[in-house]
Amino acid sequence: ADEVICYHDSPVLNVKDIGANNLNAASFVTCCREYVALWNTKGELKTKLWMWTRTETLPHFRFKEDKREPEMVQISKITGLGAVNKPKGSLLFVSGEIIDGDTNSTRVAVWGFEHGLVGLKYNQAGKGAGVLEYSEERSLAAMQKEPERGDLEPLCVYHQPGTRLDVDQAGPSTTFAVQLMEDGETVNMWDLEAVEPGKLVIEPEGPASLLMCPGYDELLLQMNHKGKVYDMRVVEDQDGPALVSACDDGTAYIWDLKGYDAGQCYGEMRSMAPLEIILPVVTLFITVAQVFSFAFGPSVPLPHKVNANAVVFHNLAMLDFKKDIKIPKEMVFWPEMTIILSAIMIFQFFAITDMPHRMDALVRMSMEVKSDFLKAIKPLLVSVAWAMRSVVYIVMQLLSTVLVVPMLQSCAQAVDCKWADGKHWIDIILRKTTLADVHLEDVDTVQCYTGRHLHLVLLMIAVVPTYIVFLVPYAVCAGDAQYINWQAVWDFKVWRHDNKWRLAAKRKATDMHLGFLGPTPAQAFMNLSMELMSKILLPCITTLTTHSPLLQMTTVSIIGGILWWMSVAKAPYVERKFCVLVQDLKLLTFCAMVCGMFTVYMNNPESFLTIYILIVCTGAVAISLTIKFCCLEVAKPVVVVYRHGEARLAGTPGTNEKTPLLEEPGCT
């Protein structure tokens, strides 16, 4: 192809294609500091576009028949350029800082194109809105005139603050625009599609069909970044439109722009921080240790020295240090239960009120402070808002991951009552005994089901079951509250494939490439929900079945076997070597639980037979794991390249389910 050189009198800020191949009309546009230039494929300058508007704010479109000449807006600089090409034509969006009297503000001007011809507006008799005419003769004649004549006045001008911008690229009409705010870290999304005839800029024909009249446009979303946004682009994913933004710190984000989770970041491309690598590993091994500690529960008759070490390990995994405190147990029991139930109610309150996302909104509000009085303390307000947001997110994460087992075990201990010999509930009903003979197993000074303890039990009946229900959506997202909004919390139909809990778990699993820590997206919900069920059941079973050791350890072993089988049937991690490590850890846990059951069956506290069996099982698992590590190869990521035009909207003929969100740079 022949090289075409387009000369400008100032630096070029951006270039956009307007989808035309007409030698006599414009094919692409370039953006300079003060104007937008239209060029054909020969490199010939057709005309320059300037941002025009009228002096008064008009609720609807005005035409030449009004016999009022438009006035040219003085531009300090053009800040953004966006274009969208539709089958019926193209729309060009230009944002710039203008001088409106003594005030500097930002406007977004829009022009319509069809086959490279600028649309000229005229009034249509008998109708409230006008139309655009794409007559080649009139359009070319207008391009040859001086811009000061007003023939190429914008179709409309929106009063939207910001700099860089981009617009919706899908569908027959343009429904929204995204624009970077002056702070450089916030991207706003505002609507462009009118749903009522009285709000149309022009008649719904051509590329500007259903375009909303200025003044009716509203803010839809705000997306906050942790760094300065360097560039951004609206693209089409299989699930709808998405925003790809790149920051100057080397991080790229992908944001959902439609649906119940609009405004949610569902993809990050960056280097992982050391804490992000260490924390998942630590959390995984804490979970394994907590489950493993139930293999030799309080009812297992182990040799004295082994039992002492098992008790220490169990208390450490459960974060249970109250037995080491040399004060009356009752003085520890009531503050402990007060803290635990308060934490449970705080979790429910945060979940029901969507507090994490309210904190996100608070951060946005602090960043948008415009009051002269508050501007002086704006950095402080932003810091406080971010600190509050961090506290809420950390609380939700801890209460839905590592603290689940200790809290539920304490709740189970709070209702684990010790009955007098031979006494049962039937004796109380028949009034052969009284509740005075019933005390807590761990705190024998607390009488069960009377006074303060009765109030405690009633409160637990009210809050603990609902806590478990609200716990599930957060637990399957590894405690990350940004993936669970108010709508997702109330979607209890977990058997449906489009359930929001399932989708949130999958989105969390694909948020960022975690290397060997990357979970299998399709199995994320099932694996994490089963892990949560074990965290709920194991502490309750081992606490409430202390007087039935064989039943206790049989049930515990069944749960351990199910966890191991699930890890084999539904691989929890993508990376094969790390996956087999997790599977073998769960196999070892299952073996330990079976050994505990066998110990209860033998009922010989002096026998070390089960300990020797466990040692043999541990060695066998270690040898098996070593062999697997030597034989398995590290899986290499598969990269699929798609050429421009292969990505289509979901649900349209020819849709490729593997179409990536981003096309390979440089593809044509």
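Thresholds applied
- Residues numbered from 1 in each chain as written.
- Predicted model: local features only at pLDDT ≥ 70, side-chain atom pairs only at ≥ 80, totals over all residues.
- Heavy atoms only, no water.
- Helix = DSSP H or I, 4+ residues; strand = E, 2+ residues; numbered from the N terminus.
- Buried < 20%, exposed > 50% of the residue type's maximum accessible area, 1.4 Å probe, protein only.
- Axes fitted to C-alpha atoms, helices over the stretch in contact; angles between N-to-C directions.
- Parallel < 35°, antiparallel > 145°, perpendicular 65-115°, else oblique.
- Left-handed = near helix turned anticlockwise from the far one by under 90°.
- Contact = heavy atoms within 4.5 Å.
- Nonpolar A, V, L, I, M, F, W, Y, C, P; charged D, E, K, R; others polar.
- Disulfide = S-S within 2.5 Å.
- Phe/Tyr/Trp six-rings, centres within 6.5 Å; stacked < 30°, edge-to-face > 60°.
- Lys NZ or Arg CZ within 6 Å of the ring centre and 35° of its normal.
- Pairing = 2+ DSSP bridges.
- Core = buried A, V, L, I, M, F, W, Y, C linked by side-chain atoms within 4.5 Å.
- Expected span 1.5 Å × (residues − 1).

**Some points on the environment of Lys46**
Here is step 1 of the chain: You can see Lys46 is positioned in strand β4 (residues 45–49).
Here is step 2 of the chain: According to the relative accessible area criterion, Lys46 is partly exposed, its value standing at 22%.
Here is step 3 of the chain: For the pair formed by Lys46 and Ser27, sequence separation is 19 residues and the distance between their alpha carbons is 9.8 Å.

**A look at the packing of helix α4 (residues 329–352) against helix α10 (residues 451–475)**
Between two packed helices, the angle of one axis relative to the other and the distance separating the axes together describe the packing.
Here is step 1 of the chain: Orientation of α4 relative to α10, taken along the N-to-C sense of each, is 40°, at an axis distance of 9 Å. In terms of axis orientation, α4 runs oblique to α10. α10 is crossed by α4, and the crossing has left-handed handedness. Every residue of α10 that contacts α4 at Phe333, Trp334, Met337, Leu341, Ile344, Met345, Phe347, Gln348, Ala351 and Ile352 is listed here: Arg452, His453, Leu456, Leu459, Met460, Val463, Val464, Thr466, Tyr467, Phe470, Leu471 and Tyr474.
Here is step 2 of the chain: Classifying every residue of the contact of α4 with α10 by side-chain character gives 18 nonpolar, 3 polar and 1 charged.

**Brief notes about the state of the cysteines**
Here is step 1 of the chain: As enumerated under the stated definition, the model contains 1 disulfide in all.
Here is step 2 of the chain: You can see Cys31 has no disulfide; the closest cysteine sulfur is in Cys32, sitting 6.7 Å from it.
Here is step 3 of the chain: Given a relative accessible area of 1%, Cys31 falls into the buried group.

**Let's talk about the packing of aromatic side chains**
Where two aromatic rings form a pair, the distance of their centres and the angle of their planes describe that pair.
Here is step 1 of the chain: Per the counting criterion, the structure on display carries 15 aromatic pairs.
Here is step 2 of the chain: Their ring planes at 50° and their centres at 6.2 Å tell us that Phe349 and Phe350 sit as a pair that is tilted.
Here is step 3 of the chain: Taking the relative accessible area as the measure of exposure, Phe350 reaches 14% and is therefore buried.
Here is step 4 of the chain: Centroid distance Phe470 to Trp490: 5.5 Å. Interplanar angle 85°. Geometry classified as edge-to-face. You can see Phe470 sitting in helix α10 and its partner Trp490 sitting in the loop between α11 (486–489) and α12 (500–509), a full 20 residues away along the chain.
Here is step 5 of the chain: A relative accessible area of 35% means that Trp490 is categorised as partly exposed.
Here is step 6 of the chain: Members of the aromatic cluster, connected to one another through ring pairs, are Phe470, Trp486, Trp490, Phe492 and Trp501.
Here is step 7 of the chain: Cation over ring: Lys48 sits above Tyr35, and NZ or CZ is 4.2 Å from the ring centre.

**Considering the sheet that holds strand β14 (residues 165–167)**
Here is step 1 of the chain: Judged by pairing direction, the sheet is antiparallel, and its 4 strands sit side by side in the order β14-β15-β16-β17 without closing on themselves. At either margin of the open sheet sits one strand with a lone partner, and together these are β14 and β17 (219–224). Sheet twist, expressed as the mean angle between neighbouring strand axes with direction ignored, is 20°.
Here is step 2 of the chain: Judged from the 5 bridges that link them, strand β16 (residues 186–191) and β17 form a sheet pairing that is antiparallel. Residue Val187 lies in a different strand from β17, and its bridge partner there is Met223.
Here is step 3 of the chain: With respect to the sheet, helix α5 (residues 355–367) is in contact with β16 and β17, its orientation differing from that of β17 by roughly 90°.

**Remarks on the sheet that holds strand β1 (residues 14–17)**
Backbone hydrogen bonds are what pair the strands of a sheet, in a parallel or an antiparallel way.
Here is step 1 of the chain: The 4 strands lie next to each other as β1-β2-β3-β4, forming an open sheet whose pairing is antiparallel. Looking at the sheet topology across the chains shown, the edges are occupied by β1 and β4. Adjacent strand axes in the sheet meet at a mean angle of 20°, parallel and antiparallel pairs treated alike.
Here is step 2 of the chain: Alignment of strand β3 (residues 36–39) against β4, held across 4 bridges, turns out to be antiparallel. Paired with Val36 across the strands is Leu49, a residue of β4.

**So, the nonpolar core**
Here is step 1 of the chain: Of all hydrophobic cores here, the largest spans 52 residues; its most connected members are Phe333 and Ile344.
Here is step 2 of the chain: Contributing elements (two or more residues each) for this core: α4, α5, α7 (378–399), α8 (404–413), α10, α11, α12 and α13 (524–544).
Here is step 3 of the chain: Other than its neighbours up to four places away in sequence, Ile344 contacts Met407, Cys411, Val463, Val464 and Tyr467.

**Observations concerning α4**
Here is step 1 of the chain: When the terminal C-alpha atoms of α4 are compared, their 34 Å separation across 24 residues agrees well with the 34 Å that a helix rising 1.5 Å per residue should span.
Here is step 2 of the chain: The positive-phi residue at the C-terminal boundary of α4 is Asp354, with phi of around 55°.

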